[in-house]
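# Descriptive structure summary
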Amino acid sequence: MGGMAVADDGPWPVGATVLYRFGRLGRSSFVRPATVIADGPDELVLWITEGTATVREVHRDGRDLREASLAERATGPRRRVVGQWRSHGIYVRIPARPTGWAVWHFFEADGRFSGWDGNLEAAQIRRRTCRGTYLVDTADHALDVWVPRPDSP
């Protein structure tokens, strides 16, 4: 996830676009543009809108990474594809200090809250490029904890 960027712990302006990048072996494997909703002393809150253009890696044959064995996920040849955020809009809450986790708040199509996803990931690095692009770099540790809203069946 190279490039010329410097550390920037914020605060970042509300409304700014952030590239939330998950990496592997020094290369971005998922990029999700998000909008800054809040950036305070305790957390950075981002919003990813339904239908947002994203970039992700798939296996060279087009299979999603989760469709492969663990060995293939780690070593198989990959290529990047452009797609869309497939879920409804979500909030991503990232602690202000790099901690290795984030909480994703998912919503239904009608706007009702559906649950939290606790995402274990590498400690987030907040940076900004010389052109002003805001970046959050991390790596997914492929272990999530899903907590449905309390009144869901």
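Below: a short report on this structure. (Residues numbered from 1 in each chain as written. Predicted model: local features only at pLDDT ≥ 70, side-chain atom pairs only at ≥ 80, totals over all residues. Heavy atoms only, no water.)

### Some thoughts on the side chain of Asp137
Quick note on the threshold: A run of H or I in DSSP counts as a helix once it spans at least four residues, and a run of E counts as a strand once it spans at least two, with each numbered from the N terminus. Think of it in three bands: with a 1.4 Å probe and only protein chains considered, a residue is buried below 20% of the maximum accessible area for its type, exposed above 50%, and partly exposed in between. Residues adjacent in sequence count toward polar contacts only when both atoms are side-chain atoms; beyond that, a polar contact is any pair of N or O atoms within 3.5 Å, and within protein one must be able to donate a hydrogen and the other to accept it.
Tracing the backbone shows Asp137 in strand S11 (residues 134–138). Its relative accessible area of 5% is what places Asp137 among the buried residues. Of the polar contacts made by the side chain of Asp137, one reaches the side chain of Arg21; its length is 2.6 Å.

### A closer look at the packing of aromatic side chains
Two aromatic rings are characterised by how far apart their centres lie and by the angle between their planes. The cut-off we apply is this: Two aromatic rings from Phe, Tyr or Trp, using only the six-membered ring of Trp, form a pair when their centres are within 6.5 Å; if the ring planes differ by under 30 degrees the pair is stacked, by over 60 it is edge-to-face, and anything between is tilted. Put simply, a charge is over a ring when the Lys NZ or the Arg CZ is close to the ring centre, within 6 Å, and near the line of the ring normal, within 35 degrees.
Counted according to the given criterion, the structure contains twelve aromatic pairs. By way of ring pairs, the aromatic residues Tyr20, Phe22, Phe30, Trp85 and Trp104 are connected into one cluster. Positioned over the ring face of Trp12 is Arg126, at 4.2 Å from the centre of the ring.

### Regarding the side chain of Asn119
How we decide: Here, two residues are considered to be in contact whenever any of their heavy atoms come within 4.5 Å of each other.
One can find Asn119 in strand S9 (residues 113–121). Exposure remark for Asn119: the relative accessible area of 4% places this residue in the buried category. A distance of 2.5 Å separates a polar atom in the side chain of Asn119 from a polar atom in the side chain of Glu121. Apart from residues lying up to four places away in sequence, Asn119 is in contact with Phe22, Gly100, Trp101, Ala102, Trp104, Asp140, Leu143 and Asp144.

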